[in-house]
Amino acid sequence: MSQAKKILKQYFGYDSFREGQEELVESILEGRDTFGIMPTGAGKSICFQVPALIMEGITLVISPLISLMKDQVEGLNQAGVHAAYLNSSLTAGQYQKALGLAAQGRYKIIYVAPERLVTDSFLGFALHADISMLVVDEAHCVSQWGQDFRPSYLKIMEFIERLPKRPVISAFTATATKEVRDDIIDILLLQNPRVVTTGFDRPNLYFAVQSPKDKYASMKNFLELHPGQSGIIYCLTRKYVEEVYGRLKGEGFSVTKYHAGLPDGERKANQEDFIYSRAQIMVATNAFGMGIDKSDVRFVVHYNMPKNMESYYQEAGRAGRDGEAAECVLLYAGQDVVTNQFFIDNNKENQDLDEITRRLVAQRDRERLKKMTFYCFTNECLRDYTLRYFGEYGSGYCGNCANCLSHFETVDVTEIAKGIVGCVGSSRQRFGTNMIIDTLHGANTAKIRNYRMDANPHYGELAKVPLYKLRKVMNHLQLYGYLNVTNDEYAIVKLTEKSEAVLLGKEQIMMKMAKEQEHPAKIKKGKVRKGTAGFGDAAFNKEEEEMFEKLRALRTEIAREEGVPPYIVFSDKTLVHMCILKPATKEEMLSVTGVGEFKYEKYGSRFLACFR
Ligand code: ADP
Ligand code: ZN
């Protein structure tokens with residue numbers, strides 16, 4: 001067995017590397033700069049933690065997120081690795097103490113916030129330490145084109161330059177677009193780096209989009225079908241968070257909330273309630289989640305459509321990090337598009353940019369929003385759509401998303417398409433989607449009257465077609481280039497060179513429409529601990545179900561004693577595996593995934609006792 005595999009088993013309790021991990025570990029051990037691009041939950045940390053334990057000297061990990069550092073360091077300490085973090089959550093005294101211990105060589109792995117790097121106190125330590133590797137986690141933060149550019153990340157290069165000896169540099173990110181990747185290599189000055197990209201697919205995640213009339217009722221129904229499970233509900237605004245949280249609380253759900261408007265202390269306490277599983281459901285804005293790697297999140301519901309696919313995939317990806325089945329459901333409404341448009345048009349974050357750049361950024365954001373909207377309307381495989389967005393090729397059918405599992409019929413929408421294209425043309429390509437649809441549907445609004453659209457020849461022409469269907473056809477026409485929407489702030493619908501064929505009836509427009517939308521929870525109910533994650537399709541029997549609950553209770557008890565979140569003790573997956581293997585001896589216990597020697601010493605006998 002290679003040394004890396006031994007370490008993987010001994011400290012982390014895993015039998016094998018996942019896709020990409022071994023290559024990355026080996027590359028680092030060869031002393032080569034290394035760049036890993038892996039989706040959330042793929043297991044990036046192992047890729048630098050394993051070599052860190054093999055290499056002589058200290059590994060520094062740069063991370064922008066305090067919560068992530070804390071979590072990872074706790075996890076490492078639990079596994080018997082000496083690690084520490086240095087960031088603003090420490091008092092001056094604690095910080096000095098930690099630095100002192102670091103200087104004595106007490107830590108193998110040190111997490112540090114980028115803004116600390118070139119401070120005198122940190123340099124005082126670093127310039128005399130034996131630093132063998134520098135890890136840049138969330139490396140997309142160095143790129144202006146990334147989603148979360150952090151100027152403090154630019155200090156990394158300055159820091160490296162000042163070191164007496166250049167360490168091996170490794171960088172990791174989950175952001176896949178090409179421009180950002182190139183940026184990372186250029187800006188971090190990676191030398192002839194080994195670049196490893198693993199697939200972005202997360203097969204254990206089930207995806208669905210719904211456009212319910214009553215979002216709240218639909219979501220509540222979903223929650224009732226998932227009793228006792230951890231989940232996140234993402235909302236677009238603080239107002240929605242408060243509203244959804246309030247109603248759920250009122251109905252007796254175990255729920256907490258998180259958004260940037262809450263006082264620091266409350267936010268932190270709520271986050272911990274969720275992580276420590278004291279609250280089952282977290283209702284939050286996108287401010288929540290960066291760096292939270294609670295591995296047993298069983299569902300992520302988006303109460304609103306987020307602003308782009310990057311955000312969606314990242315947020316949804318917080319489900320099922322333990323590899324067990326989990327669900328990602330997006331509840332769409334037309335208003336979500338309007339709200340996101342508003343955010344783009346009133347973006348305060350880009351005020352430092354000059355006018356031209358700002359306009360470019362807004363344009364790009366609108367384009368991203370458009371692609372997000374298409375996701376909500378596509379009748380094709382949702383996973384396939386997502387993978388294609390990130391530049392990969394899916395199989396076209398995944399069998400684990402709402403579209404793959406729904407029954408569709410192909411319907412002829414040529415007449416509707418004709419009406420839409422005709423209305424766009426006859427109103428001289430001056431209006432956005434809503435105005436066109438309202439006109440065709442014969443709406444009697446002030447806006448319609450003001451622009452005299454009630455006199456348009458197409459007014460009310462499609463009054464009998466339900467609005468949602470009009471929208472679907474409208475989106476289909478845009479997706480396939482029969483119409484185009486401008487990327488400026490007005491989002492005007494324009495004709496294309498393909499429009500005329502529709503108008504002249506030369507082109508038959510066929511599209512897939514759902515016959516019935518099954519509720520995902522109904523399809524997947526009870527699948528959570530059953531038949532997933534490489535344990536075969538054996539469903540838990542009653543006895544195993546009871547055993548699982550027993551192990552879970554023991555885990556909670558230990559977590560309380562140790563003051564760490566339950567999943568840091570053992571993941572759900574580890575408990576499931578135990579239920580299946582029913583270990584009776586130390587050797588058998590060590591063969592359970594996620595049980596390393598250090599953890600065995602600490603908890604092994606207590607868990608073994610459950611099986612006697
Ligand atoms: P990322 O940083 O890529 O989002 P993490 O490093 O947090 O992902 O890993 C996600 C989960 O997968 C963690 O619970 C981790 O312990 C687990 N994991 C990582 N590598 C392996 C492996 N080789 N075998 C089993 N589980 C693993
Ligand atoms: Zn699918």
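Just so it is clear, the structure is predicted and the values come from calculations on it, not from any experiment.

*Asks:* What exactly am I supposed to notice about the environment of I448 here?
*Replies:* Summarising the element assignment, I448 is placed in helix α19 (residues 446-450). Judged by its relative accessible area of 1%, I448 is buried. Separated by 131 residues in sequence, I448 and C579 have C-alpha atoms that sit 63 Å apart. If we ignore the near neighbours within four places in the chain, the residues touching I448 are M435, D438, T439, A443, M453, D454 and Y459.

*Asks:* Would you take a moment to explain the coordination of the zinc ion (ligand 2) for this structure?
*Replies:* Metal coordination angles in their ideal form are 109.5 degrees for the four-donor tetrahedron and 90 or 180 degrees for the six-donor octahedron. Within the protein, the zinc ion (ligand 2) binds to C381 (SG), C398 (SG), C401 (SG) and C404 (SG); these donor distances fall in the range 2.3 to 2.4 Å. Between consecutive donors of the zinc ion (ligand 2), the numbers of intervening residues give the motif C-x16-C-x2-C-x2-C. Of this pair, C381 sits in the loop between α14 (355-377) and α15 (382-389) while C401 sits in the loop between α15 and α16 (402-405), and the two are 20 residues apart along the sequence. Residue classification places C401 among the buried positions, given a relative accessible area of 0%.

*Asks:* Explanation requested: the site of ligand 1 in the structure shown.
*Replies:* Neighbouring residues of ligand 1: 15 residues in total, closest Y14, G41, K44, S45 and R321. The contact in question runs from an oxygen atom of ligand 1 to an N or O atom on the side chain of Y14, over 2.5 Å. Between K44 and ligand 1, the recorded distance is 2.9 Å, taken from a backbone N or O atom to an oxygen atom. Relative to its unbound accessible area of 560 Å², ligand 1 is 85% covered by the protein chains. Broken down by class, the residue content of the shell around ligand 1 amounts to five nonpolar, six polar and four charged.

*Asks:* It is not clear to me how α15 should be interpreted in this structure. Could you clarify?
*Replies:* In an α-helix there are 3.6 residues to a turn, and that puts residues three or four apart on one side. Counting buried positions along α15 yields six of eight residues, so the element is predominantly enclosed. Buried residues of α15: L382, R383, D384, Y385, T386 and L387, and no others. Contacts from the buried residues of α15 go to β8 (205-210), α12 (309-316), α14 and α16. Where α15 ends, the next residue or the one after it, G391, has phi of about 85 degrees, a positive value.

*Asks:* Even after reading the chapter, I still don't get the side chain of Q478, so can you show me in this structure?
*Replies:* With respect to the element layout, Q478 can be found in helix α20 (residues 467-479). Taking the relative accessible area as the measure of exposure, Q478 reaches 13% and is therefore buried. Beyond its immediate stretch of four places on either side in the chain, Q478 contacts F374, T433, L483 and V485.

*Asks:* Would you take a moment to explain unusual backbone geometry for this structure?
*Replies:* Glycine aside, residues mostly have negative phi angles, and peptide bonds mostly take the trans form. Phi is positive for R452, close to 55 degrees, though the residue is something other than glycine. By the secondary structure assignment, R452 is in the loop between α19 and α20. One non-glycine residue, A491, lies in positive phi territory at about 45 degrees. With respect to the helices and strands, the residue A491 is situated in the loop between β15 (483-485) and β16 (493-495).

*Asks:* Mind showing me how you'd approach the environment of Y313 here?
*Replies:* Structurally, Y313 can be placed in helix α12. Residues Y313 and T40, 273 residues apart in the sequence, show an inter-C-alpha distance of 8.8 Å. Residues within four places of Y313 in sequence aside, it is in contact with F200, D201, R202, F207, T386 and F390. Within the local environment of Y313, its side chain forms a polar contact with the backbone oxygen of F200, the two atoms lying 2.6 Å apart.

*Asks:* What is the right way to look at the packing of helix α13 (residues 334-345) against α14 in this model?
*Replies:* The relative placement of two packed helices is expressed as an angle between their axes plus a distance between the axes. Between α13 and α14, whose axes approach to 10 Å, the crossing angle comes to 165 degrees. Accordingly, the angle class assigned to the pair α13 and α14 is roughly antiparallel. Taken as a pair, α13 and α14 cross one another with a handedness that is right-handed. Each of V337, N340, Q341, I344 and D345 in α13 lies in contact with α14, whose residues at this interface are A362, D365, R366, L369 and T373.

Cut-off values and rules
Residues numbered from 1 in each chain as written. Chains lettered and ligands numbered in written order. Predicted model: local features only at pLDDT ≥ 70, side-chain atom pairs only at ≥ 80, totals over all residues. Heavy atoms only, no water. Helix = DSSP H or I, 4+ residues; strand = E, 2+ residues; numbered from the N terminus. Buried < 20%, exposed > 50% of the residue type's maximum accessible area, 1.4 Å probe, protein only. Contact = heavy atoms within 4.5 Å. Donors = N, O, S within 2.8 Å, 3.2 Å for Na, K, Ca; no water. Near = heavy atom within 4 Å. Polar contact = N/O pair within 3.5 Å; in protein donor to acceptor, adjacent residues only side chain to side chain. Areas by Shrake-Rupley, 256 points an atom, 1.4 Å probe, with all protein chains shown as cover. Nonpolar A, V, L, I, M, F, W, Y, C, P; charged D, E, K, R; others polar. Axes fitted to C-alpha atoms, helices over the stretch in contact; angles between N-to-C directions. Parallel < 35°, antiparallel > 145°, perpendicular 65-115°, else oblique. Left-handed = near helix turned anticlockwise from the far one by under 90°.

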